[in-house]
Protein chains: 2
Amino acid sequence: MNPLALDDAQNCVLQHTMPLGTETIDLLQAPGRVLAQEVRANRDQPPCDVSAMDGYAVRAADLGAVSPQLTVVADIRAGDLPTLTVQAGQCARIMTGAPIPQGADTVIRVEDTQAVSADTVQINVAAEAGRDIRRRGESLRNGEAVLAAGSEITPGVLGILAMVKCAEVTVQRLPRVAILSSGDELEGLRDAFDVHKIPDANSYALLGQVQALGIQPTLLGIARDDPAALREKLEQGLRYDVLLVSGGTSVGVHDFVRPTLEQLGVQMHFWRVQMRPGHPVAFGTSAGCKVFCLPGNPVSSMVCFEQLAAPALRNMMGHARLFRRTLPVRLAQAVAHRPGNVEFVRVVLSRDALGYMAIPTGSQSSGVLLSMARADALLVVPSASQGLAAGEQAMVQLLDGTGFQEINDI
Amino acid sequence: MNPLALDDAQNCVLQHTMPLGTETIDLLQAPGRVLAQEVRANRDQPPCDVSAMDGYAVRAADLGAVSPQLTVVADIRAGDLPTLTVQAGQCARIMTGAPIPQGADTVIRVEDTQAVSADTVQINVAAEAGRDIRRRGESLRNGEAVLAAGSEITPGVLGILAMVKCAEVTVQRLPRVAILSSGDELEGLRDAFDVHKIPDANSYALLGQVQALGIQPTLLGIARDDPAALREKLEQGLRYDVLLVSGGTSVGVHDFVRPTLEQLGVQMHFWRVQMRPGHPVAFGTSAGCKVFCLPGNPVSSMVCFEQLAAPALRNMMGHARLFRRTLPVRLAQAVAHRPGNVEFVRVVLSRDALGYMAIPTGSQSSGVLLSMARADALLVVPSASQGLAAGEQAMVQLLDGTGFQEINDI
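Residues numbered from 1 in each chain as written. Chains lettered and ligands numbered in written order. Predicted model: local features only at pLDDT ≥ 70, side-chain atom pairs only at ≥ 80, totals over all residues.

Asks: Hey, could you run me through the overall build of chain A in this one?
Replies: Secondary structure assignment for chain A yields seven helices and 28 strands. For chain A, the C-alpha radius of gyration of 31 Å lies well beyond 22 Å, the compact-globule estimate for 410 residues. The principal-axis extent of the C-alpha atoms belonging to chain A is close to 95 × 50 × 40 Å. In chain A, which comprises 410 residues, the share counted as buried stands at 51%. Looking at chain A alone, contacts between residues at least 24 apart form 70% of all its contacts between residues at least 6 apart. (Helix = DSSP H or I, 4+ residues; strand = E, 2+ residues; numbered from the N terminus. Rg over C-alpha atoms; globule rule 2.2 N^0.38 Å. Buried ≥ 20, exposed ≤ 12 C-beta atoms within 10 Å, placed from the backbone. Contact = placed C-beta atoms within 7 Å.)

So this is what it looks like as structure tokens:
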């Protein structure tokens, strides 16, 4: 089978993934999850006309004169239920959020008034009727649909859920994810130091990537190049919703991963994709599990995860937004490219008056994980490109750690 | 005291906050934290020259002839320690990551070869010496500083930490954050439904905002407008590193929060800022605690958190990047503005060939939390602006939930 174009591989992965069902959880656990229910308002909010400011509730008809003086007949706080009626020449001291008393139709801010005596206030501005009143139902109207199923529970959405008193909320279940590294050359994090071995970085980089999506994965450790041991680890991994295996996917005779997965009932959908780094990346499915076989090189593994596994996981989580946010940037230097593969170049971003500029992070060898650790973004070089010139416009995908910046743009 | 300009308020907050000290934690708990130590490589990585591809390790001198046929004298896997020397006319089958045997100086990819017999392979390409070999120390050089103190532990950084076998890592401590809502008008999430009350949305929106920074805050509940009860809650809150109080900060006579904080030894640094929404926002410090008094309106509370509390918390966490990532956008419609305050308009983003476009999310009343729940970003209207025209370029701050997008840009 020829290598698949990256967009075909992405489509394949998305066609084979879907949300896993729902669960009901405490609101406090809900941030970052995806709503599986429509949410409707269960009351008008605010429940009546309320003051938008601290000040005085007045009758607009009394404001015709220059600097009228009004008698303060009440003092209304948020949470009060005033029963009096404000008559001509009267007003009520009122707090932000407090109910507007009968008779009053306008709020004058405290800074536009002057106390004349304990119960008399002078109004120093003119104001049209209705000013600084928040109308009943302005925020939420009883029965109105306020949140659609599929909404991501951002902080603002969490506030709305609290406003309609959803103490429990029905959300899409999170996929259970297992991570396995394979290869005799690998040394585990707590194994004795062996200068001839290669420390297993992939398990941890993948753990960070999965955690950043809001999922706590399980590390299955290292599968050695022994058919029985490998089979056992893969069987264990196939009990999860998603299994990420790094290493052991290329064409060498010692690569047992793919045949062992097939023996275990996994149908492989592709095993080469037109992308760099990451050419040897495979995807398969069994009855209950989606399996991604990622390259052994740590940068390749991370880039393949971003392009293929992350959209699949976001899809399983119920998100509508599956792909990393992209930005148009200018290139600080030329980027060579031979047509054939989509290439992902690790870049740092800088800013000037014209916008964002992308600067490659040095060696782009897929073995050099530092290039990824230092990157803000992945520059996307289209497969047909003959190379990009310095100053040319291109697209980058923002990586983790770019939600904040050093520059204060206020 | 006159309202402070927003940048002055931000500078004040940052001057009064600093990292809280360090702790050593398990690597698995480290994603998102900030390194408090410099990290050096403790070995060369790769530990020797290794193959970058699956193929054959050959002597470049043997490649002069057209389609030379070489005798395969060994089979070298990643993790092996080959002792043989490849002689003239010989080669070794080699896997990605496997050590280059003595005598060989070049790797020919398996796809550029053809098996002639069980132990003979024909090489179908010419290649310069050194091709497809990853040199010892290419990724990491023993003793070299690879991560600086202050680095955010992104997935790539986590991979590097695993590569140098940091099973435990020293990071900046997270601030302990308490959240308190104040006001008699508020109804708690699990209180009986009272149509005249206003559900406490702020505690939960703030919880979401703090969680999104990687901190699990404590909810202290609702402080009623009773001096003794309020004092008790505030005393409780002042035992945390950061206390966020929403409501009760304006100038009305029933607002006890500020005087009570002052009685408890909190020095207030400002209580009005030239921003909308969020004009009445206060900041104070005691010996052990930073206190933000946020407005009672949920949108105002969220916007003030983003502009003032989030940079302070990021500063305490040890981050260098304190401010929300900004993007240049075009405005889909005009935005009115009176000079005086920096204004934050809730917008959704859309994309076309020219870049990002910002569309306000409807009512910008600070009571309308839905405008925030639906927003992708905050449009920054500078304080001196006389209003922005449709099509004009402006700056937005990206909010939570914008790390991913629907568009696939491959």
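The structure having been displayed, the exposition proceeds.
Asks: How do you make sense of the interface of chain B and chain A when you look at a structure like this?
Replies: Frequently, the measure chosen for interface size is the accessible area that the parts lose on association. Of the residues lining the interface, 95 residues belong to chain B; the matching set on chain A comes to 96 residues. Class assignment for the residues of the side of chain B that touches chain A results in 47 nonpolar, 27 polar and 21 charged. Examined bridge by bridge, strand β22 (residues 323-324) of chain A and strand β28 (residues 404-405) of chain B share two bridges and lie antiparallel to one another. Its bridge partner lying in β28 of chain B, Arg-324 of chain A is registered against Phe-404 of chain B. (Nonpolar A, V, L, I, M, F, W, Y, C, P; charged D, E, K, R; others polar. Pairing = 2+ DSSP bridges.)

Asks: What is the right way to read the environment of Arg-77 of chain A from this model?
Replies: As for its position among the elements, Arg-77 of chain A is in the loop between β5 (69-76) and β6 (90-94). The exposure class assigned to Arg-77 of chain A is buried, which follows from the 21 C-beta atoms found within 10 Å.

Asks: Looking at this structure, how should I read the relation of the copies chain B and chain A?
Replies: Between the two copies of the chain lies a relationship made up of a rotation around an axis and a movement along it. Laying chain B over chain A is done by rotating through 180° and shifting 0.0 Å along the axis; what remains is an RMSD of 0.1 Å. Both copies of the chain, as the preceding transformation shows, are related through a two-fold rotation axis. Looking at the rotation axis and the C-alpha trace of chain B, the residue lying nearest is Gly-403 of chain B, at 3.7 Å. A shared binding surface is used by both copies, with 100% of the interface residues of chain B retained as interface residues in chain A. (Least-squares fit on C-alpha atoms with pLDDT ≥ 70 in both.)

Asks: Would you mind going over the packing of helix α3 (residues 202-212) of chain A against helix α6 (residues 298-317) of chain A with me for this structure?
Replies: Each pair of packed helices can be summarised by the angle the axes make with each other and by the distance between the axes. Residue and element names in this part refer to chain A. Where α3 contacts α6, the two axes come as close as 10 Å, and the packing angle between them is 30°. Looking at the two axes, α3 sits roughly parallel to α6. Pair α3 / α6 crosses with right-handed handedness. On the side of α3, the interface is formed by Asn-202, Ala-205, Leu-206 and Gln-209, while α6 contributes Pro-298, Ser-301, Met-302, Phe-305 and Ala-310. Residue composition of the contact of α3 with α6, grouped by class: six nonpolar, three polar and no charged. (Axes fitted to C-alpha atoms, helices over the stretch in contact; angles between N-to-C directions. Parallel < 35°, antiparallel > 145°, perpendicular 65-115°, else oblique. Left-handed = near helix turned anticlockwise from the far one by under 90°.)

Asks: What am I meant to see in unusual backbone geometry here?
Replies: Negative phi characterises most residues that are not glycine, and trans characterises most peptide bonds. In this structure, the amide linkage connecting Arg-276 of chain A to the following residue, Pro-277 of chain A, adopts the cis form with an omega of -10°. With a phi close to 60°, Lys-165 of chain A is a non-glycine residue in the positive phi region. For Lys-165 of chain A, the location among the structural elements is in the loop between α2 (155-163) and β12 (168-172). Positive phi is not limited to glycine here, since Ser-67 of chain B has a value of about 45°. By the element assignment, Ser-67 of chain B lies in the loop between β4 (55-58) and β5 (69-76). Taking the number of C-beta atoms within 10 Å as the measure of exposure, Ser-67 of chain B has 12 and is therefore exposed.

Asks: Looking at this model, I keep getting lost on the domain arrangement of chain A. Mind explaining?
Replies: Residues and elements named next belong to chain A. Partitioning chain A into domains gives domain 1 (6-20 + 174-317), domain 2 (23-43 + 139-172), domain 3 (50-134) and domain 4 (326-398). When each unit is reduced to the centre of its C-alpha atoms, the spacing between domain 1 and domain 4 is 26 Å. Listed by partner, the interface residues are 14 residues for domain 1 and 13 residues for domain 4. Considering every element that reaches the side of domain 1 that touches domain 4, the biggest residue donor is α6, with six residues. Of the residues contributing to the side of domain 1 that touches domain 4, the split by class is eight nonpolar, four polar and two charged. (Domains from an automatic or database assignment.)

Asks: What am I meant to see in the sheet that holds strand β4 (residues 55-58) of chain A here?
Replies: Each strand in a sheet pairs with another by means of backbone hydrogen bonds, the pair being arranged parallel or else antiparallel. All names here are of chain A. Taken in spatial order, the six strands line up as β7-β4-β6-β5-β9-β8 in an open sheet, and their pairing is mixed. At either end of the open sheet lies a strand with only one pairing partner, and these are β7 (106-109) and β8 (113-117). Strand-to-strand twist in this sheet, taken as the mean axis angle between neighbours without regard to direction, amounts to 40°.

Asks: Could you clarify how one ought to interpret the sheet that holds strand β16 (residues 218-223) of chain B in this entry?
Replies: Residues and elements named next belong to chain B. Taken in spatial order, the six strands make up an open sheet running β16-β13-β17-β21-β20-β18, and their pairing is mixed. Sheet topology places β16 and β18 (267-270) at the edges, where each strand pairs with a single neighbour. Pairs of neighbouring strands in the sheet enclose a mean axial angle of 20°, with direction left out of account. Docked against the sheet, helix α4 (residues 227-237) engages β13 (177-182), β16 and β17 (242-246), running at close to 165° with respect to β16.

Asks: Got a minute to help me understand helix α1 (residues 6-15) of chain A in this structure?
Replies: Because each turn of an α-helix spans 3.6 residues, side chains separated by three or four positions in sequence point in the same direction. Residue and element names in this part refer to chain A. Residues Leu-6, Ala-9, Gln-10 and Val-13 constitute the buried set of α1. On an axial view of α1, the arc spanned by its buried residues comes to 100°, and they lie on one face. As for α1, its buried residues are in contact with β18 (267-270), β19 (275-276), β20 (282-285), α6 and β24 (342-352). (Arc of directions from axis to C-beta.)

Asks: Looking at this model, I keep getting lost on the packing of α1 of chain A against α6 of chain A. Mind explaining?
Replies: Residues and elements named next belong to chain A. Here α1 crosses α6 at 30°, and the two axes come no closer than 9 Å. As judged from the angle between their axes, α1 and α6 are roughly parallel. The handedness of the crossing between α1 and α6 is right-handed. Together, Leu-6, Ala-9, Gln-10, Val-13 and Leu-14 of α1 and Gln-307, Leu-308, Pro-311, Ala-312 and Asn-315 of α6 make up the contact between the two elements. Among the residues forming the contact of α1 with α6, the class breakdown is seven nonpolar, three polar and no charged.

Asks: How should I be thinking about the environment of Leu-206 of chain A in this particular structure?
Replies: All names here are of chain A. Positionally, Leu-206 belongs in helix α3. Note: C-alpha distance between Leu-206 and Gly-284 (78 residues apart in sequence) is 18 Å. For Leu-206, the residues in contact, after removing those within four places along its chain, are Ile-179, Leu-244, Ser-246, Ser-301 and Phe-305.

Asks: I'm lost on helix α6 (residues 298-317) of chain B in this one. Help?
Replies: Residues and elements named next belong to chain B. The principal kink in α6, of about 45°, is found at Phe-305. Counting buried positions along α6 yields 18 of 20 residues, so the element is predominantly enclosed. In the segment just after α6, Gly-318 is the residue with positive phi, at about 95°. (Bend = angle between axes of the 7 residues up to and from the residue.)

Asks: Where do I start with the nonpolar core in this structure?
Replies: Counting 194 residues, the largest nonpolar core has Leu-379 and Val-396 of chain A together with Leu-379 and Val-396 of chain B as the members making the most contacts within it. When neighbours within four sequence positions are excluded, Leu-379 of chain A is seen to be in contact with Val-335, Phe-344, Val-345, Val-347, Ala-358, Ala-394 and Val-396 of chain A. (Core = buried A, V, L, I, M, F, W, Y, C linked by C-beta atoms within 7 Å.)

Asks: Any chance you could explain the pairing of strand β27 (residues 393-398) of chain A here in plain terms?
Replies: Consecutive side chains of a regular strand alternate in pointing toward one face of the sheet and then the other. Residues and elements named next belong to chain A. Across five bridges, the pairing between strand β23 (residues 326-331) and β27 is antiparallel. Bridge pairing in β27 places Pro-328 opposite Met-395. The sheet contact formed by strand β26 (residues 377-381) and β27 spans four bridges and is antiparallel. Looking at the pairing, Leu-378 lines up with Gln-397 of β27.

Asks: Please explain the environment of Pro-199 of chain A as it appears in this structure.
Replies: Structurally, the position occupied by Pro-199 of chain A is in strand β15 (residues 198-199). You can call Pro-199 of chain A buried: it has 25 C-beta atoms within 10 Å. As for Pro-199 of chain A and Leu-189 of chain A, which are separated by 10 residues in sequence, their C-alpha atoms are 6.8 Å apart. With residues up to four places along the chain from it excluded, the contact list for Pro-199 of chain A reads Glu-187 of chain A together with Ala-162, Met-163 and Lys-165 of chain B.

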